[in-house]
Amino acid sequence: MATKVRVRFAPSPTGGLHLGGVRTVLFNYLFAKHHNGEFVLRIEDTDQTRYVEGAEEYIVECLKWCGLNPDEGPQQGGPFSPYRQSERKPIYRQYAEQLVNSGYAYYAFDTPEELTAKRETIPNFQYGHDYRHEMRNSLSLPADEVKRLIEQGTPHVVRIKMPKNETVTFNDMIRAEVSFDTNLVDDKVLLKADGMPTYHLAVVVDDYLMKISHAFRGEEWLPSAPVHILLWKYLGWEADMPQWAHLPLILKPDGNGKLSKRDGDRLGFPVYAMNWTDPKTGDLTKGFRELGFMPEAFINLLVMLGWNDGTDQEVFSLEEMIKKFSIERVSKAGAKFDFEKAKWYNAEWIKRTSITDLRTLFNEVLDNNGIVISDENYLDSVIALVKERCVLISDFWQQASFFFRRPYEFDTDAVKPKWNQDKTDFFKALTVAFSQSPAWNSTDLENEFKALAAEKGLKIGDVMLPFRIMLVGGKFGPAVFDIAALIGKEETIERVNHFLDLLAE
RNA sequence: GGCCCGUUCGUCUAGGGGUUAGGACGCCAGAUUUUCAUUCUGGAAACACGGGUUCGAUUCCCGUACGGGCUACCA
């Protein structure tokens, strides 16, 4: 391919970033990087009524977290600035007028009320050849009347004039050939009464001006593809039209349909990449990041929703994805989102990530729980012991809190029924033995413990669990002697005594 | 309703005219771990249906069914 690969992600800043949006970014990004191309972020804020404060910054932050930073965009600028469509407003009108002048579009003066009324009286009303001559527009009205209306500043829009009896065919990179009958497509609004373009005009103009070579977007855009393709043609840019790829949708896990934020709330999993607080209502929607997902796992689980490399490999780093990604291997059918599998990816990533790289992440969890780490080596040892037991980063607290402070609660029910004086004696003797213990390591501790149990005529199994409960608080966690070795002599003895006191009460 | 897109285990998917239809998640059983998790081994589990084409279709074609998307001066 002679032309440089340039792709774009073009979100509208209306709220949190949906995981489907992130996957669209990912596929764009992977394709671009695979071909040594550029990835552009363009903010499609042409609908001023839907603009939400902070949404753009949020999107940028999400991309940053995922490691999918754009090469050009509103934050860093670039040769095709500005990258916010609201700031490009003056650009669009001339193209709309060019289309009117060449007969491919027309002015329409119908008010929203008139349109609603029309839709109510005529079932399946479409603003197209069947009805456009009954409406108030530059096709139905005399030229001088049109001129007068415009000069008077009458609110009007520009609509595309869909041709009659034509078939628009294009080759989608994922779906192969797709065709549409122009008789069935309506005269979409191109320029709104407020002077802003609609998505249809803006996407074509900006993709052209920004030299976009490949346009990837969700399948929900497929029905409007004929409008865009005709626009490329009518504007005289057909030779520069990007190649299209309509990505399969991400579906809700139960039933069918596009996955929405509500499904997450209902089923108890995040849908947004990061926490999002609606500035108007103050409502917080949970995100994958704050729940405890690693960005590597997040993009990994997303890429597998609709793509595979043809082998059995399922865990990919971003670098590997870039190397192996190809749009031909993206499937056509929508994929149901499975939160269980999503968690599996995260657990896999935690297991595969080095202690050093996990340190910051886990330290943050401790920080959130009011623990300040002074000894980094100690933290590292704990991480080594529990990382395989964490599915989410946030699980670290549940799995490791007892390494940093004495347990608040003890599962005494697990030991009480079988408790007896022999055991009390054993543990009292154990504290004495431990206090005199010259070495303090897992193996020696285990040997001492076992020797003492044998001496007292107790089965090891009968005292192991109580010992664990004393140190941990419950029936979980890594090997007991590893824990004792790590928390130290003093702390171990204190915990044993504390528990004995508790039982005595 | 109309238009467009889709359909392999419950889920994500591999495969592709002749295969014991492969893998992963989840589930079940066993082993290991004197806890739990990890790990390991094994198991149940799928080509939507009907017609073609063909010596042979899960694979190609056409229908049907089902599912989804779109149908705004929203993207």
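Residues numbered from 1 in each chain as written. Chains lettered and ligands numbered in written order. Predicted model: local features only at pLDDT ≥ 70, side-chain atom pairs only at ≥ 80, totals over all residues. Heavy atoms only, no water.

Participant: Would you mind showing me how to read the domain arrangement of chain A here?
Facilitator: How large an interface is tends to be reported as the accessible area lost when its parts come together. Annotation of chain A at the domain level lists domain 1 (6-83 + 249-336), domain 2 (86-247), domain 3 (353-403) and domain 4 (412-504). Taking only C-alpha atoms, the centre of domain 1 and the centre of domain 3 are 28 Å apart. Each side of the interface is counted separately: domain 1 has four residues, and domain 3 has six residues. Together, Leu291, Gly292 and Met294 form the three largest contributors to the area buried by domain 1 at its contact with domain 3, with a combined 86%. Our count for the domain 1 to domain 3 interface comes out at zero salt bridges. Scanning the region where domain 1 abuts domain 3 turns up two residue pairs in polar contact (both at pLDDT 80 or more). Classifying every residue of the side of domain 1 that touches domain 3 by side-chain character gives three nonpolar, one polar and no charged. (Domains from an automatic or database assignment. Contact = heavy atoms within 4.5 Å. Buried area = accessible area lost by both parts, 1.4 Å probe. Salt bridge = Lys/Arg side-chain N within 4 Å of Asp/Glu carboxyl O. Polar contact = N/O pair within 3.5 Å; in protein donor to acceptor, adjacent residues only side chain to side chain. Nonpolar A, V, L, I, M, F, W, Y, C, P; charged D, E, K, R; others polar.)

Participant: Would you mind going over the protein's contact with RNA strand B with me for this structure?
Facilitator: Close contacts around RNA strand B come from 61 residues, with Lys192, Glu314, Arg389, Ile460 and Gly477 the closest. Take the atoms of RNA strand B that sit within 4 Å of the protein: sugar and phosphate atoms are 71% of them. In this structure, a sugar or linking oxygen belonging to RNA strand B sits 2.6 Å away from a side-chain N or O atom of Arg175. The separation between a phosphate oxygen of RNA strand B and a polar main-chain atom of Gly306 is 2.9 Å. Those elements that provide at least two residues to the surface near RNA strand B are helix H4 (112-121), strand E4 (157-160), strand E6 (176-181), strand E13 (335-336), helix H12 (339-352) and helix H18 (460-472). A breakdown of the residues in the surface near RNA strand B according to their chemical character gives 24 nonpolar, 12 polar and 25 charged. (Near = heavy atom within 4 Å. Helix = DSSP H or I, 4+ residues; strand = E, 2+ residues; numbered from the N terminus.)

Participant: What's the story with the sheet that holds strand E3 (residues 105-108) in this structure? I'm lost.
Facilitator: Remark on secondary structure: sheet strands pair via backbone hydrogen bonds, oriented parallel or antiparallel. Strand order in the open sheet formed by three strands is E3-E4-E7, and the pairing between neighbours is antiparallel. Strand pairing shows two members of the sheet lacking a second neighbour, E3 and strand E7 (189-191), which therefore form its edges. Sheet twist, expressed as the average angle between the axes of neighbouring strands with direction ignored, equals 45°. The pairing of E3 with E4 spans four bridges and is classified as antiparallel. If you follow Ala108 over to E4, its bridge partner there is Val157. (Pairing = 2+ DSSP bridges. Axes fitted to C-alpha atoms, helices over the stretch in contact; angles between N-to-C directions.)

Participant: Can you walk me through the pairing of strand E2 (residues 38-41) in this structure?
Facilitator: Remember that side chains alternate between the two faces of the sheet whenever the strand is regular. Pairing analysis gives four bridges linking strand E1 (residues 6-9) to E2, with the strands arranged parallel. Residue pairing across strands places Phe9 opposite Leu41, the latter belonging to E2. For the handedness criterion, the β-α-β arrangement of E1, helix H1 (residues 19-34) and E2 is classed as right-handed. (Right-handed = clockwise from strand over helix to strand, strands pointing away.)

Participant: Where do I start with helix H6 (residues 199-209) in this structure?
Facilitator: Side chains of residues three or four places apart in an α-helix project in the same direction, reflecting 3.6 residues per turn. Counting buried residues along H6, nine of its 11 residues qualify, which places the element largely inside the surrounding structure. Turning to H6, its buried residues are Tyr199, His200, Leu201, Ala202, Val203, Val204, Val205, Asp206 and Asp207. Positioned one or two residues after H6, Lys211 has a phi angle of 55°, which is positive. (Buried < 20%, exposed > 50% of the residue type's maximum accessible area, 1.4 Å probe, protein only.)

Participant: Quick question: what am I supposed to make of helix H16 (residues 421-435) here?
Facilitator: Between the first and last C-alpha of H16 there are 21 Å, a value that for 15 residues agrees with the 21 Å anticipated at 1.5 Å per step. Residues of H16 that are buried include every one of Lys423, Thr424, Phe426, Phe427, Ala429, Leu430, Thr431 and Phe434, and no others. Looking at the packing, one finds that the buried side of H16 touches helix H17 (442-455), H18 and helix H20 (489-504). The distance from a side-chain oxygen at the start of H16 to the backbone nitrogen of Asp422 is 3.2 Å, and the residue carrying that oxygen is Asn420. (Expected span 1.5 Å × (residues − 1).)

Participant: Is there a simple way to explain the pattern of salt bridges in this structure?
Facilitator: Pairs can form between side chains of opposite charge whenever their charged atoms are close. For the structure shown, the criterion picks out 35 salt bridges. Of the charged contacts in the structure, one is a salt bridge between Asp71 and Lys33, with a shortest N-O distance of 2.9 Å. Here Asp71 is found in the loop between helix H2 (55-66) and helix H3 (89-101), whereas its partner Lys33 is found in helix H1, with 38 residues between them in sequence. Assessed through its relative accessible area of 22%, Lys33 is described here as partly exposed.

Participant: Before we go on, may I ask you to explain unusual backbone geometry in this structure?
Facilitator: Peptide bonds are mostly trans, and most non-glycine residues show a negative phi. In this structure, the amide linkage connecting Ser81 to the following residue, Pro82, adopts the cis form with an omega of -10°. Of note, Pro82 is situated in the loop between H2 and H3. Of note, Asn36 is a non-glycine position whose phi angle comes to about 55°, a positive value. Among the secondary structure elements, Asn36 is positioned in the loop between H1 and E2.

Participant: Even after reading the chapter, I still don't get the side chain of Arg42, so can you show me in this structure?
Facilitator: Secondary-structure assignment places Arg42 in the loop between E2 and H2. Within polar-contact distance, the side chain of Arg42 engages the side chain of Glu44 at 2.9 Å. Once you skip the residues sitting within four places of it in the chain, Arg42 turns out to touch Arg8, Phe9, Ala10, Pro11, Tyr83, Gln85, Val203, Asp206, Asp207, Met210 and Ile212.

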